[in-house]
Amino acid sequence: MMAVDEAHPWKVEFAEYLGQDQARLYGYIHSLVRDVHDADDLFQQTTLILWKKFGEFDRRLSFFAWACGVARLEVANFLRSRSRQRLYFSDDLNLLLAEAQAGLNNEESDARREALARCVERLRQRDRELLDECYADPAGVHHAADRLKRSTHSVYNSLRRIRRALYECVGRAIARESRLG
């Protein structure tokens with residue numbers, strides 16, 4: 001055990017960083033690829049790369065932003081290898097989305113996350129439960145549909161409606177804050 005610690009003296013530090021941002025990083029990856037199994041694989045691959053390259057991480061910067069940069073490259077490589085499948089956006093659109101996310105500074109990202117949390121609280125109870133069922137459980141949408149005795153298509157349609165409502169709510173909140181600030 002001691003030899004492993006000497007070989008990787010920063011492993012506790014890495015675990016702390018990853019532990020703080022693991023859910024957000026997974027959510028970021030899942031926002032770029034819709035299939036939970038692909039998101040799981042990409043999250044594992046990204047985590048492995050982060051582990052291997054942690055010595056290069058500049059502690060003055062945001063771990064989450066750095067991790068998203070690594071994830072963005074992994075997703076881009078994955079999408080290139082799986083090009084033209086029906087369930088995925090085009091590579092160009094995915095890269096534009098990833099670049100837009102990367103263009104937000106930490107303050108903007110924090111403001112959006114806070115607005116999102118407030119908007120989620122305003123959702124109807126059943127919509128919040130559906131989000132929890134689909135996103136909190138790593139088994140994802142297919143298992144949630146089975147448990148809820150709904151078709152996967154029906155659950156995806158509900159999630160699309162909820163995401164649209166959240167997007168609009170966050171947009172209004174950010175616009176309101178920018179007018180006040």
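Coordinates for the structure precede this section.
Participant: What should I look at first to understand the side chain of H30 in this one?
Facilitator: Along the chain, the position of H30 falls in helix α2 (residues 11-32). Setting aside anything within four residues of it in sequence, one finds H30 in contact with D35, V36, A39 and Y135.

Participant: Sorry, what's going on with the state of the cysteines here?
Facilitator: Two cysteines whose sulfur atoms are joined by a covalent bond form what is called a disulfide. If you walk through the whole model with that rule in mind, you get 1 disulfide. The partner cysteine of C119 in its disulfide is C169, sulfur to sulfur 2.0 Å. Given an S-S torsion of about -85°, the disulfide between C119 and C169 has left-handed geometry. Remark: C169 occurs in helix α9 (residues 152-180) and C119 occurs in helix α6 (residues 106-122); sequence separation between them is 50 residues. Across the pair, C169 and C119 agree in class, each one buried.

Participant: Explanation requested: a positive patch on the surface in the structure shown.
Facilitator: Where like charges cluster on the molecular surface, the positive patch consists of R34, R160, R163 and R164. For R160, the position within the fold is in helix α9. R160 sits in the partly exposed class, given a relative accessible area of 36%.

Participant: Please explain the packing of helix α3 (residues 36-53) against helix α4 (residues 63-81) as it appears in this structure.
Facilitator: Each pair of packed helices gets described by two things: the angle between the helix axes and the distance between those axes. Where α3 contacts α4, the two axes come as close as 9 Å, and the packing angle between them is 125°. With respect to α4, the axis of α3 lies oblique. Note that α3 runs across α4; the crossing there is right-handed. Residues D38, L42, Q45, T46, I49, L50 and K53 of α3 touch α4, and the partners they reach there are F63, W66, A67, V70, A71, E74, V75 and F78. Its residues placed into classes, the contact of α3 with α4 shows 10 nonpolar, 2 polar and 3 charged.

Participant: Would you mind going over the packing of aromatic side chains with me for this structure?
Facilitator: The description of an aromatic ring pair uses the distance of the two centres, along with the angle that the planes make with each other. All chains considered together, the criterion is met by 12 aromatic pairs. Judged by centre distance (5.1 Å) and plane angle (25°), the ring pair of Y17 and F63 falls under stacked. Of this pair, Y17 sits in helix α2 while F63 sits in helix α4, and the two are 46 residues apart along the sequence. For the pair F54 and F57, a centre-to-centre distance of 5.8 Å together with 25° between the ring planes defines the contact as stacked. Taking the relative accessible area as the measure of exposure, F57 reaches 4% and is therefore buried.

Cut-off values and rules
- Residues numbered from 1 in each chain as written.
- Predicted model: local features only at pLDDT ≥ 70, side-chain atom pairs only at ≥ 80, totals over all residues.
- Heavy atoms only, no water.
- Helix = DSSP H or I, 4+ residues; strand = E, 2+ residues; numbered from the N terminus.
- Contact = heavy atoms within 4.5 Å.
- Disulfide = S-S within 2.5 Å.
- Buried < 20%, exposed > 50% of the residue type's maximum accessible area, 1.4 Å probe, protein only.
- Patch = residues over 30% accessible without salt bridge, like charges linked within 9 Å, V, L, I, M, F, W, Y side chains within 5 Å.
- Areas by Shrake-Rupley, 256 points an atom, 1.4 Å probe, with all protein chains shown as cover.
- Salt bridge = Lys/Arg side-chain N within 4 Å of Asp/Glu carboxyl O.
- Lys, Arg positive; Asp, Glu negative; His and termini not counted.
- Charge placed at Lys NZ, Arg CZ, Asp CG, Glu CD.
- Axes fitted to C-alpha atoms, helices over the stretch in contact; angles between N-to-C directions.
- Parallel < 35°, antiparallel > 145°, perpendicular 65-115°, else oblique.
- Left-handed = near helix turned anticlockwise from the far one by under 90°.
- Nonpolar A, V, L, I, M, F, W, Y, C, P; charged D, E, K, R; others polar.
- Phe/Tyr/Trp six-rings, centres within 6.5 Å; stacked < 30°, edge-to-face > 60°.

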